[in-house]
Amino acid sequence: RSTGRLLIEVGAWTPDHGAKPRCNLPGMKRSRGQLPHRALEDLLECDLSAFSDGIELQRCESTVEVKESTKYGGGLTTKYLRTVHYAVLSSSFSAPHLPCTSVSLQRLAERQTERIDGGVARQASKEAGDWMLEDAIRQQNIFAHSHGGIGSKVLLFAWLSQTEFEYLRDSPSGREFLHDWID
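Residues numbered from 1 in each chain as written. Predicted model: local features only at pLDDT ≥ 70, side-chain atom pairs only at ≥ 80, totals over all residues. Heavy atoms only, no water.

Enquirer: Any chance you could explain the pattern of salt bridges here in plain terms?
Expert: Overall, the coordinates contain nine salt bridges when judged by the stated rule. Note that Glu45 and Arg38 form a salt bridge whose closest N and O atoms lie 4.0 Å from each other. Residue class for Arg38 comes out partly exposed when judged on its relative accessible area of 36%. In this structure, the salt-bridge partner of Arg138 is Asp135, at a minimum N-O distance of 3.6 Å. Residue Arg138 and its partner Asp135 are located together in helix α3 (residues 128-138), separated by three residues, close to a single helical turn. (Salt bridge = Lys/Arg side-chain N within 4 Å of Asp/Glu carboxyl O. Buried < 20%, exposed > 50% of the residue type's maximum accessible area, 1.4 Å probe, protein only. Helix = DSSP H or I, 4+ residues; strand = E, 2+ residues; numbered from the N terminus.)

See the structure below:
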């Protein structure tokens, strides 16, 4: 995006289980024998269909990794094929009108207050940088997209900076915040 923000899948909602947080770049596992370009087509037709008309592919990188299985003991190796496609949204692309929401500061503050301990509520200790990141993330809308019919899974997305994405994905405080933000 021209703002430098990334489209991040911050959760998914299903009628049976409600909202579940996750923090991933959009993607999917390829089926056995599925070619990378076909997997990309499937991703664009389904999970990213609201954006597919504006996506401009830049490049792709493929890697092959062979690992010994820790689950099944020695001797069994697994080959992992990974293809990463890099893309941007066209500057002429009009953002789709998707249902969106933002989370109130009061609600998040209530959720982030830890359990009552000895009759006194105490706020989780965080560094100043974490609070600043969380404040920036809080200002982002969460929008919903589903390619299925009634009762199908709804993916939850937000436009985040690289730093915000890494905070939510990689730090314990970020994962806790994501859970409170999405749940």
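Enquirer: Looking at this structure, how should I read the packing of α3 against helix α5 (residues 172-182)?
Expert: The relative placement of two packed helices comes down to the angle between their axes together with the axis-to-axis distance. Their axes nearest at 11 Å, the elements α3 and α5 cross at an angle of 30°. Between α3 and α5, the angle falls in the class roughly parallel. Handedness of the α3/α5 crossing: right-handed. Every residue of α5 that contacts α3 at Asp130, Glu134, Ile137 and Arg138 is listed here: Ser173, Phe177 and Trp181. Here the contact of α3 with α5 is built from residues that sort into three nonpolar, one polar and three charged. (Axes fitted to C-alpha atoms, helices over the stretch in contact; angles between N-to-C directions. Parallel < 35°, antiparallel > 145°, perpendicular 65-115°, else oblique. Left-handed = near helix turned anticlockwise from the far one by under 90°. Contact = heavy atoms within 4.5 Å. Nonpolar A, V, L, I, M, F, W, Y, C, P; charged D, E, K, R; others polar.)

Enquirer: Which parts of the structure should I look at to understand a nonpolar patch on the surface?
Expert: A cluster of nonpolar side chains, contributed by Val64, Val66 and Leu81, occupies part of the molecular surface with about 300 Å² of accessible area. Along the polypeptide, Val64 turns up in strand β3 (residues 55-68). Residue classification places Val64 among the exposed positions, given a relative accessible area of 57%. (Patch = residues over 30% accessible without salt bridge, like charges linked within 9 Å, V, L, I, M, F, W, Y side chains within 5 Å. Areas by Shrake-Rupley, 256 points an atom, 1.4 Å probe, with all protein chains shown as cover.)

Enquirer: Would you mind showing me how to read helix α1 (residues 36-45) here?
Expert: A turn of α-helix holds 3.6 residues, and therefore any two residues three or four places apart point the same way. Taken as a whole, α1 has its buried residues at Ala39, Leu40, Asp42, Leu43 and Leu44. Summarising the contacts, the buried residues of α1 are in contact with β3 and β4 (77-89).

Enquirer: What am I meant to see in the nonpolar core here?
Expert: Nonpolar side chains tend to gather and get buried jointly when the protein is soluble and globular. Formed by 19 residues in total, the largest nonpolar core has its most connected members in Val10, Leu156, Leu160, Leu168, Trp181 and Ile182. Of all the secondary structure elements, the ones that give two or more residues to this core are β1 (6-14), β2 (18-24), α3, β6 (142-145), β7 (154-160), α4 (162-170) and α5. Contacts of Leu160, omitting those with residues within four sequence positions, involve Arg5, Leu6, Ile8, Val10, Ile137, Gln140, Phe165, Leu168 and Trp181. Counting 13 residues, the second-largest nonpolar core is a separate cluster that includes Ala12, Leu40, Phe51 and Trp159. (Core = buried A, V, L, I, M, F, W, Y, C linked by side-chain atoms within 4.5 Å.)

Enquirer: Just checking my understanding: could you explain empty space enclosed by the protein for this structure?
Expert: A water-sized probe rolled over the atoms picks out the places where empty space is left. If you walk through the whole model with that rule in mind, you get one cavity of 30 Å³ or more. Size it by volume and the largest cavity reaches roughly 30 Å³. Around the largest cavity sit Cys46, Asp47, His145, Ser146, His147, Lys153 and Leu155, which together line it. Among the residues forming the lining of the largest cavity, the class breakdown is two nonpolar, three polar and two charged. (1 Å grid on protein atoms, 1.4 Å probe; cavity = no way out; pocket = protein on both sides within 12 Å on 5 of 7 lines; lining within 4 Å. Points joined across faces, edges and corners; volume = space filled by probe spheres on them.)

Enquirer: Please explain the layout of surface pockets as it appears in this structure.
Expert: Its volume calculated, the largest pocket comes out at about 1,700 Å³. In this structure, the largest pocket is lined by 44 residues; those nearest its centre are Pro26, Gly27, Met28, Thr83 and Val84. Sorting the residues of the lining of the largest pocket by element identifies β1, β2, α1, β3, β4 and α4 as the ones contributing at least two each. Sort the elements by how many residues they give to the lining of the largest pocket and β4 lands first, with 11 residues. Looking at the lining of the largest pocket residue by residue, the classes come out as 24 nonpolar, eight polar and 12 charged.

Enquirer: Honestly, the environment of His145 in this entry has me stumped. Any pointers?
Expert: Positionally, His145 belongs in strand β6. Through-space distance from the C-alpha of His145 to that of Cys46 is 9.6 Å; in sequence the pair is 99 residues apart. Aside from chain neighbours lying at most four places away, what touches His145 is Cys46, Asp47, Leu48, Ser49, Ala50, Leu98, Val154, Leu155 and Phe157. A polar side-chain atom of His145 sits 3.0 Å from a polar atom in the side chain of Ser49. (Polar contact = N/O pair within 3.5 Å; in protein donor to acceptor, adjacent residues only side chain to side chain.)

Everything listed is a geometric property; what it means functionally is a separate question.
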